[in-house]
Amino acid sequence: MLDLAGLQISTAEFLWTIISFFLFMFLLKKVLYEPILKVMDARAEHIKAGLEEGRNAQKALEESKAKLADELTEKSGEARQLVSDARTEAEKAKGEVLTTAHSEAEQLHKQVREKVKAEEAAAVSSVESNMPELVAILSNKLLHSDEMDKGAALIKDCIEASK
């Protein structure tokens, strides 16, 4: 037994206390600390994996955004080209339609002029061939008429009769 300034410490108790303490620490380590550390390590690994997965997802999102922007730019250029081509084709078709319409209108105008000239020539010919008869009828009626108003009416009647 040791006597340290009035404390009486038994060597056997001291040894058993130290052995009990180390045994208790060993049991705590095996039963409590190691499982808790395993759970904490697993959780830390899970968090790391989640963060890494998040980073990968972020990278994939950025790559998708860039790819989408490139495709959008490409498709936008193709759309502009298609619109430009369509406008060019429309202008070409418009020009062809206008040219065709102008030529058809010119032909129709020419045909109408020819028809008018033919009808005019036919009317002149008809008037020229009937002129002697008309003059004879008109002079006969004017000479036999005493009044001017009747003469004007007779002229109108003769024109209507010749139609």
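A. Up close: the overall build of the chain. Secondary structure assignment for the chain yields two helices and two strands. Overall, the chain shows an N-to-C arrangement of helices and strands of β-β-α-α. Across the 163 residues of the chain, 3% fall into the buried class.

B. Expanded view of the pattern of salt bridges. Scanning all chains against the criterion turns up three salt bridges. Two residues, E52 and R55, come together in a salt bridge whose shortest N-O distance is 3.3 Å. Here the residue E52 and the residue R55 both occupy positions in helix α1 (residues 11-143), the gap between them amounting to three residues, near one helical turn. The shortest N-O distance in the salt bridge between K75 and E78 comes to 3.8 Å. Of this pair, K75 and E78 both sit in helix α1, three residues apart, roughly one helical turn.

C. A look at the packing of aromatic side chains. Per the counting criterion, the structure on display carries one aromatic pair. Relative to F22, the ring of F21 lies with its centre 5.7 Å away and its plane at 70°, an arrangement referred to as edge-to-face.

D. Fine view of the confidence of the model for the chain. Counting all residues, the mean pLDDT for the chain is 85, and 82% of those residues have values of 70 or more. The least confident element of the chain, judged by mean pLDDT, is strand β1 (residues 2-4) at 57; the most confident is α1 at 90.

Definitions and limits used
- Residues numbered from 1 in each chain as written.
- Predicted model: local features only at pLDDT ≥ 70, side-chain atom pairs only at ≥ 80, totals over all residues.
- Heavy atoms only, no water.
- Helix = DSSP H or I, 4+ residues; strand = E, 2+ residues; numbered from the N terminus.
- Buried < 20%, exposed > 50% of the residue type's maximum accessible area, 1.4 Å probe, protein only.
- Salt bridge = Lys/Arg side-chain N within 4 Å of Asp/Glu carboxyl O.
- Phe/Tyr/Trp six-rings, centres within 6.5 Å; stacked < 30°, edge-to-face > 60°.
- pLDDT = per-residue confidence, 0-100.

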